[in-house]
Every structure is written in C-alpha cells, then in structure tokens.
Amino acid sequence: MSASGYQKNLDLNSGNPLGLSATPATAHKGTRVTAADLLHDAPDNLEILTNTQVARVIFSPDEPLKAIGIETIDGDKILTTHDVILSAGSLDTAKLLMLSGIGDATQLNQFNIPVRLDLPYVGKGLKDHNHITATWKRAPHTTDRHTYYQNPDLQAAARKQWTIDQTGPLSEIACMCTVGFFKSDAVYQSEEFRALPEDRRRHLLMPTVPIYEFYLNGPSEDHFISPATAEPLTTIFIFVLNSENSGEVTLQSADPTVPALFDPKFFSHPFGRRLAIEATRHVFRVVEGDAFQKDTTGVLHAPKSMSEEDILDYWKETTSSTWHMTGTVKMGKKTEKEACVDTDFRVMGTKGLRVADMSVVPILPK
C-alpha cells in the first residue's frame, strides 16, 4: 500500500492513527505481555481460584439489593464484607447480572428467574468491531511462511530457538505485520453518512478518527487448516470501525453453564453496510495495482465482484467478531434511561456491586 502512495505513520500511538504503521506488540523478550504480568509480586492476601465458574451474585437476605458474595456452578458460596466486583467481559458480565435477577424483567420472567431489579438495558447496546479476510496466491519468493508450515523439522528448530533465546520464526511469523487506519471520501459523500445524526457526523469527520482498518501480512487460515499443503499466500484483514450497529446479549436458559446468546447485528445499520462496501473496494483498488499484481498468481478468498451485493454477501458469509465487545452494562448518569452503572462503576439501584470491564464503556473506541 505504501507503493500506492499511502502515507506512513511512524508512531501509531501519537494520537493520530491514520496511515500505515508497523503493528505495535506488547511483548518483552519474545513473550507477549498480558494482564497476568500484574500478578508478579502479588499481595499476600490475593487468592486465585482456577477452573471456578461463577453462577450468580448472592444478595443479603436482609437487604435484597446488597451484594454479599458469589455462588459458583458447583454450589460453593464465597462471601465478602466488601464490594463484589464483576469483571467477566461484555458478554458474561451481562449474563451474570441477568442470572442474578438484574435485567429486563420480561426476559427474566421468560426463564423463571426471580426479578430482583428491573434494569431493562442490561445486555443491550452491544458494540463490536467485525472483520473479513481476503487471500491471494503469491509467488514463492515473496514469503517463506508456507515452507515453515510444511516442514515439521523447521517448526521443531523454531521452538528450540525460541526456548533458548526467544528469537527466530516463532517471534516473527504472524507478528511482523502492518496496520493501516483510514478515512474515505466515498463514505463521507454517501447518503448513509448524511443520514447520521449531526453529532455522529461531526465525530467521524474529526481529523484523527478512522472509519476502517487494514491489517496486512496477517496469518492465513489455510496454513493452519492444511499445513502440509501450504501455498505461498498473502492475507489482508479488513475491519469496519464506527459502524453504528447496536446488538444485544440475551439468555437462552436459566442454567449458568449454558452460554448467553450474542447477536452483534453487524449489518443492521445502513452506515455499517456502506463502510464494509467502501473498505473492501479500497483494498481491491490497491491489490489490482502493479506493485501487488506483479507477484500475485491467483485469488483464493475474495468477493465474486466489487458490486455492492457481492461484497455484502461475502461479508455476511465470512465476517467474524474482532473481540472488542463493549457497552452491554453501560455507564452513564442516573438520569439516563440506558445507564446500568454509575460513574463509580456501581450497578444502579444496588449496594456493594460494581462492574469493572469493557461492558461499562458506552462507546466503541475507534
């Protein structure tokens, strides 16, 4: 894409993500840094229970809306004299609240869950990014990934090298990628954009707000499905951002071992559909250029054509969540009807119950 004239961004974390940039990685000495690193030098009073699934919140028999602990699916009860803090993510936090009798009374009654607090917007307002991938067959000299996946000896050597000094193929394959964040005149000139509320149009026009994202040289699923027959491939991930879609999390059972239903409603809003169409056309304009085509030998996964119908059909058939779910237990002012937690993370109408995860975030970053 750089050869096609797109600007480079040498610091993706500068406050302006627009342009092409090397993908930042939270890694140290070849190992990804995660939240688990916070457990180093953990306090003596920290106890972690593994393989322990929470079923519901326990409330005081004397104060029906005061949380005093949790119950596991095995029936164990863990009580506290302090606050109960849920941090199960945008899908399971909403589920736990509903299983505890906090949520839309109509839905709780459907599953014979006693209504402790009718908080109708628990599980509503789900925001998420989604993406597709498109894959091209490439000349063998453009990549060595296929030879790596084909050869167990190369993989064994890579594992040994990583064990010794955390370098080599395992520290690079599917990690050394390029990311790009972009705006689009075609989107801004569309009827779907003009139909948005004024505050949303104003936000999307801000100079540092992208509306879609590309991820270049990412992993190709075909290499994992059949590594022995891996071909030289290039895969591009296409993400839609700020799509305006709003989904929901609902129960399908009062049994806490049964997963909640997750409906992101990715294509429910016309603006989201317009973003998917124009982002796809943007990528294909680039890959049809000489810089990419000179080493391309075929198309493996892609829409049948660049018509709106074929692009949307491909998105609907292959799209996936980008695992950025937010908004199902929305934070807000007490006067907001959609608010489920206040600005101190306390669940509205309860005592001693807080939520501390992305479910409280009312907007989807980028």
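Cut-offs used in this document
- Residues numbered from 1 in each chain as written.
- Predicted model: local features only at pLDDT ≥ 70, side-chain atom pairs only at ≥ 80, totals over all residues.
- Heavy atoms only, no water.
- UniProt positions renumbered as here; feature names shortened; annotations may be inferred.
- 1 Å grid on protein atoms, 1.4 Å probe; cavity = no way out; pocket = protein on both sides within 12 Å on 5 of 7 lines; lining within 4 Å.
- Points joined across faces, edges and corners; volume = space filled by probe spheres on them.
- Helix = DSSP H or I, 4+ residues; strand = E, 2+ residues; numbered from the N terminus.
- Nonpolar A, V, L, I, M, F, W, Y, C, P; charged D, E, K, R; others polar.
- Phe/Tyr/Trp six-rings, centres within 6.5 Å; stacked < 30°, edge-to-face > 60°.
- Buried < 20%, exposed > 50% of the residue type's maximum accessible area, 1.4 Å probe, protein only.
- Lys NZ or Arg CZ within 6 Å of the ring centre and 35° of its normal.

The chain appears in an unreviewed UniProt entry as Glucose-methanol-choline oxidoreductase N-terminal domain-containing protein from Lepraria neglecta. We quote the UniProt Sequence similarities (unreviewed entry) comment for the chain here in full: "Belongs to the GMC oxidoreductase family."

Novice: Could you give an account of the layout of surface pockets, naming the residues involved and the relevant values?
Specialist: Its boundaries defined by the atoms lining it, the largest pocket holds a volume of some 1,300 Å³. Thr-23, Pro-24, Ala-25, Arg-32 and Tyr-215 are, among the 37 residues lining the largest pocket, the residues nearest its centre. Listing elements by their share of the lining of the largest pocket, those giving two or more residues are β3 (31-32), β12 (178-182), β13 (212-218) and β14 (233-240). What the second largest pocket holds in volume is close to 740 Å³. What lines the second largest pocket is a set of 19 residues, among which Glu-47, Val-54, Ile-70, Ile-78 and Ile-85 lie closest to the centre. Where the lining of the second largest pocket is concerned, the elements lending two or more residues are β5 (67-72), β6 (77-79) and β7 (84-86). Sort the elements by how many residues they give to the lining of the second largest pocket and β7 lands first, with 3 residues. The residue inventory of the lining of the second largest pocket, partitioned by class, reads 12 nonpolar, 5 polar and 2 charged.

Novice: An account of the packing of aromatic side chains is requested, with residue identities and associated values reported.
Specialist: One pass over the structure, following the stated rule, counts 10 aromatic pairs. Aromatic side chains Tyr-149 and Phe-224 sit 5.3 Å apart centroid to centroid with 65° between the ring planes, which places their arrangement in the edge-to-face category. Note that Tyr-149 is positioned in helix α3 (residues 145-150) and Phe-224 in helix α8 (residues 221-225), a separation of 75 residues in sequence. A relative accessible area of 12% places Tyr-149 in the buried class. Measuring from ring centre to ring centre gives 5.6 Å for Tyr-215 and Phe-237, while their planes differ by 85°; the resulting arrangement is edge-to-face. Remark: Phe-237 occurs in strand β14 and Tyr-215 occurs in strand β13; sequence separation between them is 22 residues. Neither Tyr-215 nor Phe-237 differs from the other in exposure class; each is buried. Linked through ring pairs, Trp-136, Phe-284 and Phe-292 together constitute an aromatic cluster. The lysine or arginine in question, Arg-138, covers the ring of Phe-292, its NZ or CZ lying 4.3 Å from the ring centre.

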